[in-house]
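Residues per chain are reported as follows:
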Amino acid sequence: MDFLGIGFGEIIIVLIVATLIFGPGKIPEFARQIGQFVNSFRKVTSEMTRDFTRAIDAENLASPGKKKTGSSPTSTSSKSKSLENFLNGPGSGGKA
C-alpha cells in the first residue's frame, strides 16, 4: 500500500523514530492534534461548500425567468461580479 508516496515500511520507520525522539507519551497527543486539525479543516470546507451552494441557489432564485441556454458575455460578467462580491464580503463594495 502506498500512502502519499510512502510505503508501509517507511511509515513504520518514521513512527519508530518519532517514538524515540518524542517518547511514547507524546505520540497520542500529536495524533489528537492532527485529528483536531483534520476535523476543523473538514468543518471549514463543508461550511464553504454550503455558503457557495446557498449563493448559487439564491442567484438562481433571484432570476427564475432566465433560461440556462448558454452564457452570454453579460451574464458571465454579472456572475463573476457576484462571485467577487461574495468572496470580498459585505461592505467591500466589490473592489479588491
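The name an unreviewed UniProt entry assigns to the protein is Preprotein translocase subunit TatA, from the organism Dehalococcoides mccartyi.

> Please give an account of the overall build of the protein that cites residues and values.
When its secondary structure is counted, the protein shows 3 helices and 2 strands. In sequence order, the secondary structure elements of the protein are arranged as β-β-α-α-α. Of all 96 residues assigned to the protein, the portion counted as buried reaches 5%. In the form shown here, the protein has an accessible surface area of approximately 8300 Å², with 66% of it arising from carbon and sulfur atoms.

> Describe a nonpolar patch on the surface, naming the residues involved and giving the relevant values.
A cluster of nonpolar residues, F8, I12, I13, L15, I16, V17, L20, I21, F22 and F30, forms a patch on the protein surface that exposes about 1000 Å² of accessible area. Element by element, the count of residues in the nonpolar patch is highest for helix α1 (residues 8–22), at 9 residues. Looking at the element boundaries, L15 is found in helix α1.

> Requested: an account of the UniProt feature "transmembrane region" (unreviewed entry) in the protein, with residues and values cited.
The positions that UniProt labels "transmembrane region" (unreviewed entry) are, in the present scheme, residues 6–23. As annotated, residues 6–23 has a helix share of 83% and a strand share of 11%, and its two end C-alpha atoms lie 23 Å apart.

Cut-offs and rules
Residues numbered from 1 in each chain as written. Predicted model: local features only at pLDDT ≥ 70, side-chain atom pairs only at ≥ 80, totals over all residues. Heavy atoms only, no water. Helix = DSSP H or I, 4+ residues; strand = E, 2+ residues; numbered from the N terminus. Buried < 20%, exposed > 50% of the residue type's maximum accessible area, 1.4 Å probe, protein only. Areas by Shrake-Rupley, 256 points an atom, 1.4 Å probe, with all protein chains shown as cover. Patch = residues over 30% accessible without salt bridge, like charges linked within 9 Å, V, L, I, M, F, W, Y side chains within 5 Å. Salt bridge = Lys/Arg side-chain N within 4 Å of Asp/Glu carboxyl O. UniProt positions renumbered as here; feature names shortened; annotations may be inferred.

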